[in-house]
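What follows is each chain in one-letter form.
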Amino acid sequence: GLELSHCVGANSLSPTVPWRSGGPCKMKRVRTVFKPEQLERLEQEFLKQQYMVGTERVDLAATLHLTETQVKVWFQNRRIKWRKQSMEQKAAKLSQFGVIQPATADSTDIKDHEEDTVDVEF
C-alpha cells in the first residue's frame, strides 16, 4: 500500500506533495525502503533485462510483495543509474587517451532521454 506521512503545516519549510486536491492538508509520500532480498532480486532481473513490462512486472511485484508501480519506478531509476555509470566509464576511458569530454555531456542529457522517471506512485 501507499504510506503517507502526517499532515504538513502551511508554515513548514519542507517541500510537500499535494496528494489530494481541495483539502487544507498536504500529505507527503514516504519513500519506499526496499529490503535487501528485494534489492538483490531486482538487481538480478535488471542484469537479465533493463526493461520489465506486462505480466513479468506483475509477477515480480507479487513475488517481492511490492506494487507494480514500485517495481516500475525502481527499474526507471535503475536505468538512469546504469546510463550515468556508463557515461562516467566512457569519460574515464576517453580521459586515459587524452580525449577531453565535451562540456555539454552532463546529467541533463540523461534526463532528456528518460521523461517519465518519477519517485511517486499513484
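Everything quoted here is computed from the prediction, not taken from an experiment.

The next subject is the packing of helix α2 (residues 54–64) against helix α3 (residues 68–96). Two elements in contact, α2 and α3, have axes whose closest approach is 8 Å; the angle formed by their N-to-C orientations is 110°. By the angle between their directions, the pair α2 and α3 is classed as roughly perpendicular. Where α2 abuts α3, its residues R57, V58, L60 and A61 lie against E68, V71, K72 and F75. Looking at side-chain class alone, the contact of α2 with α3 contains five nonpolar, no polar and three charged residues.

In this section: the side chain of E45. In this structure, E45 sits in helix α1 (residues 36–48). Excluding its chain neighbours within four sequence positions, the residues that come into contact with E45 are M52, L60 and F75.

For the rest of this paragraph, the subject is α1. Over its 13 residues, α1 extends 19 Å from the first C-alpha to the last, a length consistent with the 18 Å expected when each residue adds 1.5 Å. Those residues of α1 that sit buried are Q38, L42, E45 and F46. One face of α1 carries all of its buried residues, which in axial projection span an arc of 105°. In this structure, α1 carries P36, E37, E40, L47 and K48 as exposed residues pointing more than 90 degrees from its buried face. On its buried side, α1 packs onto α2 and α3.

So, how was this worked out
Residues numbered from 1 in each chain as written. Predicted model: local features only at pLDDT ≥ 70, side-chain atom pairs only at ≥ 80, totals over all residues. Heavy atoms only, no water. Axes fitted to C-alpha atoms, helices over the stretch in contact; angles between N-to-C directions. Helix = DSSP H or I, 4+ residues; strand = E, 2+ residues; numbered from the N terminus. Parallel < 35°, antiparallel > 145°, perpendicular 65-115°, else oblique. Contact = heavy atoms within 4.5 Å. Nonpolar A, V, L, I, M, F, W, Y, C, P; charged D, E, K, R; others polar. Expected span 1.5 Å × (residues − 1). Buried < 20%, exposed > 50% of the residue type's maximum accessible area, 1.4 Å probe, protein only. Arc of directions from axis to C-beta.

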